[in-house]
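Chain and residue survey
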Amino acid sequence: MTKQGGSKDDSRAGRMDRRGFLAAAGAAAVGLAIVRPQSVRGAEANSKIEIGLIGCGGRGNWIADLFKNHGGYQFVAGADYFADRVKGFGDKFGIPADRRYTGLSGARKLCESKLDAVVIESPPYFHPEQAMAGVEAGRHVYVAKPIAVDVPGCLTIGEAGKKATAKKLVFLADFQTRADPIYREAVKRVHNGDIGRLVNGEAVYYCGDTWGNPTYDTKNAEACLRAWGVDKVLSGDIITEQNIHALDVASWIIDEAPLRAVGSCGRKARSGSGNVNDHFAVVYWFPNDVLLSFASKQYGQGWDDIGVRLFGPRGTIDTHYFGSVSIKGEAPYAGGAMKNLYTDGAVANIAEFHKSIATGKVDNPTAAPSVRSNLTTILGRTAAYRGKEVTWDEMMKAGEKLEADLRGLKA
Amino acid sequence: MRPSNDVPRPVLPRCAPGRWAEVRRDKARRGTRRTSTRAAAWTSHPASAVLLVLVWTALHAADAPRPGDVLTNSIGMKLACVPAGEFAMGSPAGEKGREEEEALHRVKITRPFRLGAAEVTQAQWKVVSGGRRGKFEGENLPVEDISWADAVAFCEKLSKMEGRKYRLPTEAEWEYACRAGTAGRFAGDKLDDFAWYDANSDGRTHPVATKKPNAWGLYDMHGNVAEWCADYYAPAYPAASVTDPAGPPEGKARVVRGGSWASFERGCRSASRHSSSAAYQLKFIGVRVVMELAP
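Residues numbered from 1 in each chain as written. Chains lettered and ligands numbered in written order. Predicted model: local features only at pLDDT ≥ 70, side-chain atom pairs only at ≥ 80, totals over all residues. Heavy atoms only, no water.

**Looking at the sheet that holds strand β12 (residues 290-292) of chain B**
Across a sheet, paired strands are connected by hydrogen bonds in the backbone, their directions being either parallel or antiparallel. Residue and element names in this part refer to chain B. Here we have 5 strands laid out as an open sheet, ordered β1-β2-β5-β12-β6, and antiparallel in their pairing. The sheet terminates laterally at β1 (70-72) and β6 (166-167), the two strands that pair on one side only. Relative to strand β2 (residues 78-82), β1 is paired through 3 bridges, and the arrangement is antiparallel. Looking at β2, one finds that Leu 71 is bridged to Leu 79. (Pairing = 2+ DSSP bridges. Helix = DSSP H or I, 4+ residues; strand = E, 2+ residues; numbered from the N terminus.)

Spelled out as structure tokens, the structure:
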């Protein structure tokens, strides 16, 4: 990133010192907390991590409360294309007027302002650009799933994660399941061999209409942006924007990228606005001939599940985002029920983000897996759109970029 | 985080002085001529006493249990010496197959002990506990299909038989012994040389001690059957250095360590952690015992 004016350079020098202090204070807290946590907290009155929120819509405001509740963060800036959304967030969190950024350039301005970390909760189409802007500006980055909507975007995220590590910054992709100890234990057991070599399995994401019927007009860019969840390009379609939860768990368990996929999709039962599909069906081939059948829907009522079930010769791993996680077979694992993974997972990730910043842990283990699972959704989407088999290599070589029509939007 | 090539090297002292009685017992069993009676006779002359001290010291230095020294107990079980020392428990951030629960931390083991050079065999189990245990049948195959309580009971019965203390290893003792001074993924270069695991086991256990031992004379630490440990399982290691850790005071599952005939390579790593409900009897889990040394 090009350096800005002298005053900003000066402030950055100051920030580096403060980050060093945060790391040192955090490391001390880890050691001292065992003895007297209250005194440690008191000694760190000035050590809250200063963060800015990019994307002040529904999930942005929801997760902002979780960051606040953690106690180790302080919001100092907010950015959203829409002024009314920034105002709502800014008023709630006491953000000064000059730290509220709007328009398409708002996110970059926020990244370049005086803060420690950025939290990206904007439409997925913008995640790669904003995450990279954060890293280039020297900020720790917390980014919501999906991390991108296309192949170039995924590659940008992968690069941003590596660059963050090189710059000693924390980069965390917020997948709730990967933070859950029961999911982790179950997946670890499969990776260690408890159910044997995987043969095949299934992943499903069944839910009702998530977005309702927002105003959506392809001739009105701002309307599309407000209704990004029902826009194929801005959201990545339901297989990337929502169904990634199931495909992320499946690719985590299989621990490979798929080799090829064939599938189909459509929009038959969805009555609301927008152009996203309402169902997908994809078959994936993974290395060692592991087959995964994937199905999803986003309409109707009667059956909701975010489930993954994979079979090996000695057992079955069975996971449900809103249910239980277990292994049945010769080496069983009782696992347990997910209580409120949607919130608990985010809370765990927020705590992990803080701990990583405080202790200087910058190996950023969520970056590469998030890229792989995101690309897995894109492979399935590409195969479904084309209605024929697509290989991973073809997808990567083509590097297709989705282009949103941003004409008419304010810079 | 520490880079992978900056892992603290373990401190590897010999077994502590003061273990003379243990060694003497070993030597006596092997038919050596040094006895306390003979030594007592030498002390009747002052010059002999000086000579005795010199000889005793020399013998002591030569015979104190060291890593690799093996004692054979009354049921034919071989037990290797594991010295006191320090090591880095867990795995570095870059280790292939690493799990978050393996945070590197310094551990001090203050007391030397003896650890079964091999997993308890079905023949040994039969002598101590009576009856055959194991889904796979064979006298020299490791016992499996035993619960944690079964393993503890075996130790208690063996302790009564021999009049000395046998018990399960703690998780820290187990990893310390498995590493035998190494800090990498395995205690040797090529896992196939050291372990029966998924890639070479043909889906079953194998006679114990038929692969290479580690540097301290311990066989099958990376495979054949996984092994019950004494500790309750906790996903998080202590944040700081610890001495003789024994796990949390309570928990839902017990620690199981070491790969098994069914494990993939990553599950056989020195740092790889497993756990199981204590009641489960699985054909993947057996036992290896600690024999405590006199203080």
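And the narrative resumes.
**Overview of helix α4 (residues 122-129) of chain B**
Residue and element names in this part refer to chain B. Taken as a whole, α4 has its buried residues at Gln 122, Gln 124, Trp 125 and Val 128. Across the axial projection of α4, the buried residues extend over an arc of 155 degrees, all falling on one side. Residues of α4 that are buried make contact with α5 (148-162). Just past α4, the residue Gly 130 takes up positive phi, approximately 80 degrees. (Buried < 20%, exposed > 50% of the residue type's maximum accessible area, 1.4 Å probe, protein only. Arc of directions from axis to C-beta. Contact = heavy atoms within 4.5 Å.)

**Comments concerning unusual backbone geometry**
The bulk of non-glycine residues show a negative phi, and the bulk of peptide bonds are trans. Residues and elements named next belong to chain A. Between Lys 145 and Pro 146 the backbone carries a cis peptide bond, its omega angle lying at -15 degrees. Within the chain, Asp 237 stands out as a residue other than glycine whose phi angle is a positive 75 degrees. Among the secondary structure elements, Asp 237 is positioned in helix α11 (residues 237-241). By relative accessible area, Asp 237 is classed as buried at 0%. Unusually for a residue other than glycine, Asn 288 sits at a positive phi of about 65 degrees.

**Focus on the packing of aromatic side chains**
Scanning all chains against the criterion turns up 21 aromatic pairs over all chains. With a centroid separation of 5.3 Å and 90 degrees between ring planes, the pair formed by Phe 75 of chain A and Phe 89 of chain A is classed as edge-to-face. Here Phe 75 of chain A is found in strand β2 (residues 73-79), whereas its partner Phe 89 of chain A is found in helix α4 (residues 83-93), with 14 residues between them in sequence. The exposure classification of Phe 75 of chain A matches that of Phe 89 of chain A, with both residues buried. The interplanar angle of 85 degrees and the centroid separation of 5.3 Å between the aromatic rings of Tyr 125 of chain A and Phe 126 of chain A together place this pair among those described as edge-to-face. Summarising the burial analysis for this pair, Tyr 125 of chain A and Phe 126 of chain A share the class buried. Taken together, Phe 67, Tyr 73, Phe 75, Phe 89, Phe 93, Tyr 142 and Phe 353 of chain A form an aromatic cluster joined through their ring pairs. In this structure, Arg 197 of chain A is placed above the aromatic ring of Phe 264 of chain B, and the distance from its NZ or CZ to the ring centre is 4.2 Å. Its guanidinium or amino end placed over the ring of Tyr 385 of chain A, Lys 232 of chain A lies 5.0 Å from that ring's centre, counting from NZ or CZ. (Phe/Tyr/Trp six-rings, centres within 6.5 Å; stacked < 30°, edge-to-face > 60°. Lys NZ or Arg CZ within 6 Å of the ring centre and 35° of its normal.)

**Some words on the pairing of strand β9 (residues 279-286) of chain A**
Residues and elements named next belong to chain A. Alternating residues of β9 divide into Phe 280, Val 282, Tyr 284 and Phe 286, all buried, and His 279, Ala 281, Val 283 and Trp 285, none buried. The pairing of strand β8 (residues 260-266) with β9 spans 7 bridges and is classified as antiparallel. For Arg 260, the partnering residue across the bridge sits in β9 and is Trp 285. Taken together, the 8 bridges between β9 and strand β10 (residues 290-298) define a ladder with antiparallel strand orientation. Counterpart to Val 283 in the pairing with β10 is Ser 293.

**Notes on the interface of chain A and chain B**
On the chain B side, the residues contacting the 21 residues of chain A number 23 residues. Interface area for chain A against chain B, summed over the two sides, is near 1,800 Å², with a carbon-plus-sulfur share of 49%. Inspection of the chain A/chain B interface yields 5 salt bridges. Arg 197 of chain A is the partner of Asp 198 of chain B in a salt bridge, and the nearest nitrogen-oxygen pair spans 2.4 Å. Counting across the chain A and chain B interface gives 11 residue pairs in polar contact (both at pLDDT 80 or more). Residue contributions to the side of chain A that touches chain B peak at 7 residues, all from helix α8 (residues 181-192) of chain A. (Buried area = accessible area lost by both parts, 1.4 Å probe. Salt bridge = Lys/Arg side-chain N within 4 Å of Asp/Glu carboxyl O. Polar contact = N/O pair within 3.5 Å; in protein donor to acceptor, adjacent residues only side chain to side chain.)

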